[in-house]
Amino acid sequence: TQLQERLGQAGVWKGGSTGRYDAKTVTAVKKYQKRHKLKVNGKVDARTLRALVGRIDVNLGGRTLTVYKDGRKLKTYRIAVGTSEYPTPTGTYRIVNKQTNPTWNPPDSPWAEGLGPIPPGPGNPLGTRWIGTSAPAIGIHGTYADSSIGTAASHGCLRMHMPDVEELFEKVNVGMPVVISN
């Protein structure tokens, strides 16, 4: 089902998802492979899967986030990263959830002790979008503090300008790899 949905997003699958890897699905995979200059065999091999799923690459030193999809770079954004006291972890993670107008819930961390939830709105430190990763308590989110972009200012999360995170939110899917490096 997810494969057929992604093939639909890529413009090579028409109609609803059946959840069956049938002849129509094989034809759509071949069309996708041909369009993206991959080996055309109708099988979702590792290269085809990487192109279909895409990825996010985060460069902490350069304070940039780049999104790739269909085997090509879509866009690079400026971001804020964690401070030296609360650094953004490096490694390979995955997007585990996406939320529009999230409520901020304080993490189980000494710096957040005594703080309560903050509902959606201008005072919310997550802005209008949350893209949660498999790194504990680390996500990609908007910020109303535009001046923090390009700096080390967060408690480990990746902050973005509000219009940028809203755009990114539409380009990414749950399960997409997030590679964070120095």
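A quick note: this is a predicted structure, and the numbers were derived from the prediction, not measured.

Moving on to the overall build of the protein. The secondary structure content of the protein amounts to 4 helices and 10 strands. Taken from N to C terminus, the helices and strands of the protein fall in the order α-α-α-β-β-β-β-β-β-β-β-β-α-β. Considered along the principal axes of its C-alpha atoms, the protein spans approximately 55 × 30 × 25 Å. Within the span of the protein, comprising 182 residues, buried residues form 40% of the whole. Sequence-distant contacts, at least 24 apart, represent 52% of the contacts inside the protein between residues at least 6 apart. Here the protein displays about 9600 Å² of accessible surface, and carbon together with sulfur accounts for 52% of that area.

Read from one edge of the open sheet, 8 strands run β3-β2-β1-β10-β5-β6-β7-β9, paired in mixed fashion. Edge positions in the sheet fall to β3 (72-78) and β9 (158-161), since each has one partner strand and no second. Along the sheet, successive strands turn relative to each other by an average axial angle of 30 degrees, direction set aside. Pairing of strand β7 (residues 139-143) with β9, which is carried by 4 bridges, proceeds in the parallel orientation. Of the residues in β9, the one forming a bridge with threonine 143 is histidine 161. In the packing of helix α4 (residues 162-171) onto the sheet, the strands contacted are β2 (64-69), β3, β5 (91-100), β6 (129-133), β7 and β9, and the crossing angle to β9 comes to about 110 degrees.

Look at lysine 37: it is not a glycine, yet its phi comes out positive at around 55 degrees. Along the polypeptide, lysine 37 turns up in the loop between α2 (23-35) and α3 (46-53). On the accessibility criterion, lysine 37 (75% relative accessible area) is exposed.

What follows covers the environment of glutamine 33. Among the secondary structure elements, glutamine 33 is positioned in helix α2. The exposure class assigned to glutamine 33 is buried, which follows from its relative accessible area of 0%. Sequence-wise, glutamine 33 and lysine 43 are 10 residues apart; in three dimensions their C-alpha atoms are separated by 9.2 Å. Every residue in contact with glutamine 33, bar those within four places of it in the chain, is listed here: Leu38, Lys39, Val40, Asn41, Gly42, Lys43 and Thr48.

Geometry of an aromatic ring pair is reported as the spacing of the ring centres plus the angle between the planes. Taken as a whole, this structure holds 2 aromatic pairs when the rule is applied. Geometrically, the ring pair formed by tyrosine 86 and tryptophan 111 is edge-to-face, given 6.4 Å between the ring centres and 65 degrees between the ring planes. Note that tyrosine 86 is positioned in the loop between β4 (81-82) and β5 and tryptophan 111 in the loop between β5 and β6, a separation of 25 residues in sequence. An angle of 35 degrees between the planes, with centres 6.2 Å apart, marks the rings of tryptophan 104 and tryptophan 111 as tilted. With relative accessibility at 11%, the residue tryptophan 104 sits in the buried group. The positively charged end of arginine 55 is found above the aromatic ring belonging to tyrosine 68, 4.0 Å away from the centroid.

Okay, α4 next. Within the span of α4, buried status applies to Met162, Asp164, Val165, Leu168 and Phe169. Taken down its axis, α4 places every buried residue within 155 degrees of arc, on the same side. Across α4 from its buried face, at more than 90 degrees, point the exposed residues Pro163 and Glu170. Buried residues along α4 sit in contact with β2, β3, β5, β6, β7 and β9.

What follows deals with the pattern of salt bridges. Here the idea is simple: oppositely charged side chains can pair when their charged atoms come close. As enumerated under the stated definition, the model contains 3 salt bridges in all. Aspartate 70 serves as the salt-bridge partner of arginine 6, at 2.7 Å between the closest nitrogen and oxygen. Of this pair, arginine 6 sits in helix α1 (residues 2-9) while aspartate 70 sits in the loop between β2 and β3, placing them 64 residues apart in sequence. Classification of aspartate 70 as buried rests on a relative accessible area of 15%. Notably, a salt bridge pairs arginine 55 with aspartate 57, separated by 3.0 Å at the nearest N-O pair.

Cut-offs applied
Per chain, residues are indexed from 1 in the order of the written sequence. Under the rules for a predicted model, residues below a pLDDT of 70 receive no local features and side-chain atom pairs below 80 are neither given nor counted, while totals for whole chains, interfaces and linings still include all residues. In computing side-chain values, all of the structure's heavy atoms are included and hydrogens and water are not. Strands here mean DSSP runs of E at least two residues long; helices mean DSSP runs of H or I at least four residues long; both are numbered from the N terminus. The classification of residues rests on relative accessible area computed with a 1.4 Å probe and restricted to protein chains. Under 20% of the type maximum is buried, over 50% is exposed, and intermediate values are partly exposed. Any two residues whose heavy atoms approach within 4.5 Å at even a single point are treated as in contact. Surface exposure here means Shrake-Rupley accessible area, sampled with a 1.4 Å probe, where a residue is shielded only by the protein chains that are shown. Strands are treated as partners if at least two bridges between them are detected by DSSP. Only C-alpha atoms enter the line fits that serve as axes; for helices the fit covers just the stretch in contact. Angles between N-to-C directions range over 0 to 180 degrees. Each aromatic pair joins two rings of Phe, Tyr and Trp (for Trp, the six-membered one) with centres within 6.5 Å, and gets the label stacked for planes under 30 degrees apart, edge-to-face for over 60, and tilted for any other angle. Charge-over-ring placement is defined geometrically: NZ (Lys) or CZ (Arg) within 6 Å of the ring centre, and within 35 degrees of the ring normal. The arc refers to the directions leading from the helix axis to the C-beta atoms. Whenever Lys or Arg places a side-chain nitrogen within 4 Å of a carboxyl oxygen from Asp or Glu, that contact is recorded as a salt bridge.

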